[in-house]
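# Breakdown of the fold
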Amino acid sequence: MYFKKLFTLVFIRNETSILLGLKKRGFGVNKWNGFGGKVEPNEQIIDAAVRELEEECCVIVKPTDLRNIGHLEFTFDGDNTLMEVRVYSTTTFSGVPKETEEMQPKWYPYDQIPFDTMWPDDSYWFPYMLKEKLFYGRFHYLGFDKILNYNIDELQSM
Ligand code: 6OG
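About the cut-offs
- Residues numbered from 1 in each chain as written.
- Predicted model: local features only at pLDDT ≥ 70, side-chain atom pairs only at ≥ 80, totals over all residues.
- Helix = DSSP H or I, 4+ residues; strand = E, 2+ residues; numbered from the N terminus.
- Rg over C-alpha atoms; globule rule 2.2 N^0.38 Å.
- Contact = placed C-beta atoms within 7 Å.
- pLDDT = per-residue confidence, 0-100.
- Near = placed C-beta within 6 Å.
- Nonpolar A, V, L, I, M, F, W, Y, C, P; charged D, E, K, R; others polar.
- Pairing = 2+ DSSP bridges.
- Expected span 1.5 Å × (residues − 1).
- Buried ≥ 20, exposed ≤ 12 C-beta atoms within 10 Å, placed from the backbone.
- Core = buried A, V, L, I, M, F, W, Y, C linked by C-beta atoms within 7 Å.

A few words on the overall build of the chain. Looking only at helices and strands, the chain has 2 helices and 8 strands in total. Along the chain, from the amino end to the carboxyl end, the secondary structure elements read β-β-β-α-β-β-β-α-β-β. Here the chain has a C-alpha radius of gyration of 15 Å; the compact-globule value for 158 residues is 15 Å, and the two agree. Projected onto the principal axes, the alpha-carbon positions of the chain cover approximately 40 × 40 × 35 Å. For the chain, the share of sequence-separated contacts (at least 6 apart) that also reach a separation of at least 24 residues comes to 63%.

Low-pLDDT stretches of the model should not have their predicted coordinates read in fine detail. For the chain, per-residue confidence averages 98 on the pLDDT scale, and 100% of positions sit at 70 or higher. Predicted complex metrics record ipTM = 0.98 and pTM = 0.97.

The next point concerns the site of the ligand. Taken together, 16 residues are adjacent to the ligand, and Phe7, Phe27, Gly36, Gly37 and Trp119 come closest. If you list the elements that add at least two residues to the shell around the ligand, you get β1 (3-13) and β5 (81-90). Here the shell around the ligand gets 3 residues from one element, more than from any other, and that element is β1. For the shell around the ligand, the per-class residue count stands at 7 nonpolar, 6 polar and 3 charged.

In terms of strand pairing, β1 meets strand β2 (residues 17-23) through 2 bridges, oriented antiparallel. When the sheet's bridge partners are listed, isoleucine 12 is paired in β2 with leucine 19.

With 13 residues, helix α1 (residues 45-57) extends 18 Å between its outermost C-alpha atoms, agreeing within 8% with the 18 Å of an ideal straight helix rising 1.5 Å per residue. Among all positions of α1, only Ala48, Ala49, Val50, Glu52, Leu53, Glu56 and Cys57 are buried. Tucked inside the fold, the buried residues of α1 contact β1, β2, β5 and β6 (103-109). Two residues or fewer past α1, cysteine 58 is found with a positive phi of approximately 65°.

Here we come to unusual backbone geometry. One non-glycine residue, asparagine 30, lies in the positive phi region at around 70°. Residue classification places asparagine 30 among the exposed positions, given that 9 C-beta atoms sit within 10 Å. The phi torsion at cysteine 58 lies on the positive side, around 65°, for a residue other than glycine. Residue placement: cysteine 58 occurs in the loop between α1 and β4 (67-76). You can call cysteine 58 partly exposed: it has 15 C-beta atoms within 10 Å.

Here the focus is the nonpolar core. Ranked by internal contacts, the top residues of the largest apolar core, which has 31 residues, are Val10, Ile12, Ala49, Leu53, Val59, Val61 and Tyr88. Residue assignment for this core shows that the elements contributing at least two residues are β1, β2, α1, β4, β5, α2 (122-130) and β7 (134-142).

Further remarks concern the pairing of strand β8 (residues 146-155). For β8, the buried fraction is low: 0 of the 10 residues fall into the buried class. The turn joining β7 and β8, which pair antiparallel and follow one another in sequence, is formed by 3 residues; a positive phi near 65° is taken by glycine 143.

Mapping glutamate 73 onto the fold places it in strand β4. Leave out the neighbours within four places in its chain, and glutamate 73 touches Leu82, Met83, Glu84 and Arg138.

Shown next as structure tokens:
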């Protein structure tokens, strides 16, 4: 039996590039990723997504502008935690991304995404996101570097 923990992950995009952040501390340190974190008790998932984005890179979005584009589940061998990650994307935002204590933001052109310094699962599901396809992915890790098994399905709706 797994104990579920719920997380958000937000991607800000424009026509040519995607905004990623280099995690400066904690889980996933030194990896480029979207912006997000744990949903607090009694907090709506979408509100957590908006809050984490602003906390981590000072970008403001309206909850109604965030589109839920994917659902990810991560388990780690020998650990009974299941990380459930709700993935969101938008091209509508205000503010200029700024470095915070948690994240160093940077725009990456779509053909220069730094997969070598990202979570290994990203290489599998980013193509769905970049082709505007909805996805549901499950990944089982050995440690934090090796994927033992995975499955990805394209969804018609979330
Ligand atoms: P905090 O610990 O900062 O939230 N996250 C992952 N993202 C990807 N792409 N792959 C993974 O593979 C991930 N595991 C966690 C969810 C952690 C943030 O990192 C994401 C959250 O946005 C294992 O509160």
